[in-house]
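Below are the chains, spelled out letter by letter.
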Amino acid sequence: MQVVLIEGDGIGPEVTQAACRVVAAAGVRIDWVKAAAGIPAAEQHGEPLPEETLEMIRRYRVALKGPCTTPVGKGYRSINVRLRQGLDLFASVRPVRTMPGVKTPYEKVDLVVVRENTEGLYSGMEHQVVPGVVESVRLVTRAAAERIVKFAFELARHGGRRLVTFCHKADVMRLSDGLFLECARTVAEDYPFIQFEEKPIDNVCLELASDPTQFDVLVMENLFGDVISDLGAGLVGGLGLVPGANYGNRFAVFEAVHGSAPDIAGQGLANPIAVVRSAALMLEYVGHREAAVKIERAVAATLQNGVGLTRDLGGTGTTATITEQLIKNLGA
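Residues numbered from 1 in each chain as written. Predicted model: local features only at pLDDT ≥ 70, side-chain atom pairs only at ≥ 80, totals over all residues. Heavy atoms only, no water.

## Considerations on the side chain of E197
Here E197 is to be found in strand β9 (residues 195–200). Overall, E197 belongs to the buried group, its relative accessible area being 18%. A polar atom in the side chain of E197 sits 2.6 Å from the side chain of T165. Not counting chain neighbours up to four residues away, the residues in contact with E197 comprise L163, V164, T165, F166 and F215. (Helix = DSSP H or I, 4+ residues; strand = E, 2+ residues; numbered from the N terminus. Buried < 20%, exposed > 50% of the residue type's maximum accessible area, 1.4 Å probe, protein only. Polar contact = N/O pair within 3.5 Å; in protein donor to acceptor, adjacent residues only side chain to side chain. Contact = heavy atoms within 4.5 Å.)

## Description of the environment of E47
For E47, the location among the structural elements is in the loop between α2 (39–45) and α3 (51–60). For the pair E47 and A36, spaced eleven residues apart in sequence, the C-alpha to C-alpha distance is 9.7 Å. In this view, E47 contacts A41, A42 and R82; residues no more than four positions away in its chain are not counted. For E47, the side chain forms a polar contact with the main-chain nitrogen of L49, separated by 3.2 Å. There is a polar contact of 2.7 Å between the side chain of E47 and the side chain of R82.

## Quick notes on unusual backbone geometry
Although it is not a glycine, D88 adopts a positive phi angle of roughly 55 degrees. Phi at K108 is positive, roughly 60 degrees, even though this residue is not glycine. Among the structural elements, K108 can be located in the loop between β4 (91–97) and β5 (110–116). Overall, the relative accessible area of 73% leaves K108 in the exposed class.

## Overview of the layout of surface pockets
Here the largest pocket is characterised by a volume of approximately 990 Å³. Around the largest pocket, the lining is made up of 27 residues, and of these P95, L155, Y247, L281 and E284 lie nearest the centre. Residue assignment for the lining of the largest pocket shows that the elements contributing at least two residues are β4, β5, α5 (142–159), β11 (245–247), α9 (273–285) and α10 (289–305). Broken down by class, the residue content of the lining of the largest pocket amounts to 15 nonpolar, four polar and eight charged. Considering only enclosed or pocket space, the second largest pocket measures out at about 640 Å³ in volume. Taken together, 26 residues form the lining of the second largest pocket, with T70, S78, N80, V81 and Y122 sitting closest to its centre. Looking at the lining of the second largest pocket, the elements that each hand over two or more residues are α4 (79–86) and α8 (222–235). In terms of residues, the lining of the second largest pocket owes the most to one element, α4, which gives three residues. Residue composition of the lining of the second largest pocket, grouped by class: eight nonpolar, nine polar and nine charged. (1 Å grid on protein atoms, 1.4 Å probe; cavity = no way out; pocket = protein on both sides within 12 Å on 5 of 7 lines; lining within 4 Å. Points joined across faces, edges and corners; volume = space filled by probe spheres on them. Nonpolar A, V, L, I, M, F, W, Y, C, P; charged D, E, K, R; others polar.)

## Quick word on the nonpolar core
Core analysis: the largest hydrophobic core is formed by 70 residues, its most contacted members being F254, L283, I295 and L303. In terms of residues, this core owes the most to one element, α9, which gives nine residues. Setting aside residues up to four positions removed in sequence, L303 forms contacts with M99, P100, G101, V102, L241, I273, L309 and L313. In terms of nonpolar packing, the next biggest core, distinct from the first, is built from 19 residues, Y106, V109, M220 and L235 among them. (Core = buried A, V, L, I, M, F, W, Y, C linked by side-chain atoms within 4.5 Å.)

## Thoughts on the packing of α10 against helix α11 (residues 319–328)
Between α10 and α11, the shortest axis-to-axis distance is 8 Å and the interhelical angle comes to 120 degrees. Between α10 and α11, the crossing angle belongs to the class labelled oblique. Considering how the two elements wind past one another, α10 and α11 form a crossing that is right-handed. Between α10, through A298, V299 and T302, and α11, the contact on the second element is made entirely by I322, Q325 and L326. Tallied by class, residues from the contact of α10 with α11 come to four nonpolar, two polar and no charged. (Axes fitted to C-alpha atoms, helices over the stretch in contact; angles between N-to-C directions. Parallel < 35°, antiparallel > 145°, perpendicular 65-115°, else oblique. Left-handed = near helix turned anticlockwise from the far one by under 90°.)

Written out as structure tokens, the structure is:
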């Protein structure tokens, strides 16, 4: 099986290579086809996301991606946004689950954030009206709204989940979120066997902070999803633990949700668990469910045992030591 591997930059090469080792140890043979993105691609090709990288994903359909640096307020546009729009990866999925051995204020958190990935304020339609005045367009279409809500209900149905929460701000953005909410209600009628609720996004933030265990599947537009998915990661130990996936009708890209951490790049200090768990999601997607379950169990055992953990997890270990523990625990 051939899968595109985008190592990214910063700690990207270190954590993706760790993930490749774990996948191989889990018994899945993958021919990784390397593609460039991020700072190395910009330096080599003059373009942080070369068209040939997109073409490779279109050819092989599936990719595992490491973090890529996005300049703040200058430079090139977000690679992640361009990747999602270029491949129509309309659904961002981020499972948020309490992990054993990780101290958090909450127990038994098990929810999934489903985020519309191609529209909203991240559609990239902004311009300067006059000096000192910038206008950004928040794009919502019926087609995109309906398909992301349907995706959330299908995820709930196939995953044995019983509640879908639509998050909005329709009381203020009456046209854009009003259309989104209307679409959500319409789609929900096709799934009478799954509970549906609608909540303002600010209420959702409050309730996540007070009792995140009440939620199951949350679905929302792009910007809200970006914020809530990171908030969710904070509930269960941080971005270094949470996997991520981007799905379209034809292609899928799996990636850790954290940044490229250039300050520790090349030092062997990076925690690879988020990208390892993203690789597990990839394996499940391509039909290697048993191997995906083995990897998730190995992650749980590694965290529970507390041996070889990196600094962000309270240990003194390295990328290499935690990877060795993950491989060791595949048979646990």
